[in-house]
Amino acid sequence: MDKKRIEEIIARCEGNSILDIGCVATQLENVKRNIKSNCWLHEELAKRFSKVVGIDILKKEIQELKRMGYDIRYGNAEDFELNEKFDTIVAGELIEHLSNPGKFLDACWHHLKEEGKLILTTPNPFWFEFSIRKNFRRLNVNPEHTAWYDESVLSTLAKRHHFEVVEVKYIIAAYNPSTVKGFIYYKIVFPLLIKILPEELTAERILFVLKKKLNY
């Protein structure tokens, strides 16, 4: 997860207790590399909040990270049960991987305090680079993805599971090109496109803030 997304997520976290779902997400060597570069969301949350709990399904990585001092527990995002409630739940780049996103939202609802909120980030299906790559047959979608989510779809799903979308933020990533072609595109062409096109087309990721509804 890049630093821009981490900053946007952390800026919206409230309270002292945070649950980070899908916090490991990758192999341990990648996690350690991200820790060193300040690009692991769970580590950045742990620096700022007094209680940060993580859950994931990668058992070997969980055990090693627990030995390193992190409070990470085994749990499936769709049916976890921790017997405690949190002020904020975060799930970065997770919902697009799930088979049953409604069950995930139900589990989050039951683990949030009354004024709690859920913060999600997910790929933007209308990012213009996806369309370009698709036209040139170079669109490589993560084979573990099961769905795309935009404002309309996510809002409908949230409403069905007793949440309300209270904020939508389009996140435009910062790139550090390693080639001349990349430099020309990301430092010259892309900044011009950002000025011309709406953010709904130029943002690679979307951040959603969902508030728990008590009366339904």
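Keep in mind that what you see is a predicted model, and the values were worked out from it rather than measured.

Enquirer: It is not clear to me how the overall build of the chain should be interpreted in this structure. Could you clarify?
Expert: When its secondary structure is counted, the chain shows 9 helices and 7 strands. Structurally, the chain occupies a C-alpha span of about 50 × 40 × 30 Å along its principal axes. Burial status across the chain gives 45% buried among its 216 residues. Looking at the chain alone, contacts between residues at least 24 apart form 78% of all its contacts between residues at least 6 apart. Counting only carbon and sulfur atoms, one obtains 50% of the accessible surface of the chain, whose full area is about 12,000 Å². Of note, the chain has its 33 positive side-chain charges centred 4 Å away from the centre of its 31 negative side-chain charges.

Enquirer: Before we go on, may I ask you to explain the pattern of salt bridges in this structure?
Expert: Opposite charge on two side chains makes pairing possible when the charged atoms of those side chains draw close. Counted under the stated rule, the structure contains 16 salt bridges. The salt bridge involving E8 is made with K4; its shortest N-O contact spans 3.1 Å. With E8 and K4 both in helix α1 (residues 3-12), this residue pair falls 4 residues apart, about one helical turn. Exposure remark for K4: the relative accessible area of 32% places this residue in the partly exposed category. Salt-bridge contacts for R12 lead to E8; the nearest nitrogen and oxygen are separated by 2.7 Å. Of this pair, R12 and E8 both sit in helix α1, 4 residues apart, roughly one helical turn. As far as the burial class goes, R12 and E8 line up, both buried. Salt bridges here are not isolated pairs; linked through shared partners, they connect D2, R5, E93, E204 and R205.

Enquirer: Can you walk me through α1 in this structure?
Expert: Because the α-helix completes a turn every 3.6 residues, residues three or four places apart line up on one side. Residues of α1 that are buried: R5, I6, E8, I9, I10 and R12. At its buried positions, α1 is contacted by α3 (41-48), β4 (86-92), β5 (112-123), β6 (163-171) and β7 (205-212). Residue D2 occupies the N-cap position of α1, its side-chain oxygen lying 3.1 Å from the main-chain nitrogen of K4.

Enquirer: Before we go on, may I ask you to explain α3 in this structure?
Expert: Among all positions of α3, only L41, H42, E43, E44 and L45 are buried. Contact partners of the buried residues in α3: α1, β1 (17-21), α2 (28-36), β2 (51-56), β3 (72-74) and β4.

Enquirer: How should the packing of aromatic side chains be read in this particular structure?
Expert: Any aromatic ring pair is given by two values, namely how distant the centres are and how the planes are angled relative to each other. Applying the stated criterion across every chain yields a total of 1 aromatic pair. The positively charged end of K59 is found above the aromatic ring belonging to Y74, 5.1 Å away from the centroid. Its guanidinium or amino end placed over the ring of W109, K212 lies 4.1 Å from that ring's centre, counting from NZ or CZ.

Enquirer: Please explain the sheet that holds β5 as it appears in this structure.
Expert: Reading across from one edge, β3-β2-β1-β4-β5-β7-β6 is the order of the 7 strands in this open sheet, with mixed pairing throughout. Of all strands in the sheet, those with a lone pairing partner are β3 and β6, marking the two edges. Along the sheet, successive strands turn relative to each other by an average axial angle of 20°, direction set aside. One ladder, built from 3 bridges, connects β1 with β4; its direction is parallel. Bridged to D20 within β4 is V90. Across the sheet, helix α5 (residues 101-110) is in contact with β1, β4, β5, β6 and β7; its angle to β5 comes to roughly 145°. Where helix α7 (residues 151-160) meets the sheet, it contacts β5, β6 and β7, and its direction lies at approximately 155° from that of β6.

Enquirer: Mind showing me how you'd approach a nonpolar patch on the surface here?
Expert: Nonpolar side chains collect at one region of the surface, where V180, F183, I184, I188, V189 and L192 lie side by side and expose about 550 Å² of accessible area between them. Relative to the helices and strands, I188 is located in helix α8 (residues 180-196). The partly exposed category is assigned to I188, whose relative accessible area is 45%.

Rules used in this analysis
Residues numbered from 1 in each chain as written. Predicted model: local features only at pLDDT ≥ 70, side-chain atom pairs only at ≥ 80, totals over all residues. Heavy atoms only, no water. Helix = DSSP H or I, 4+ residues; strand = E, 2+ residues; numbered from the N terminus. Buried < 20%, exposed > 50% of the residue type's maximum accessible area, 1.4 Å probe, protein only. Contact = heavy atoms within 4.5 Å. Areas by Shrake-Rupley, 256 points an atom, 1.4 Å probe, with all protein chains shown as cover. Lys, Arg positive; Asp, Glu negative; His and termini not counted. Charge placed at Lys NZ, Arg CZ, Asp CG, Glu CD. Salt bridge = Lys/Arg side-chain N within 4 Å of Asp/Glu carboxyl O. Polar contact = N/O pair within 3.5 Å; in protein donor to acceptor, adjacent residues only side chain to side chain. Phe/Tyr/Trp six-rings, centres within 6.5 Å; stacked < 30°, edge-to-face > 60°. Lys NZ or Arg CZ within 6 Å of the ring centre and 35° of its normal. Pairing = 2+ DSSP bridges. Axes fitted to C-alpha atoms, helices over the stretch in contact; angles between N-to-C directions. Patch = residues over 30% accessible without salt bridge, like charges linked within 9 Å, V, L, I, M, F, W, Y side chains within 5 Å.

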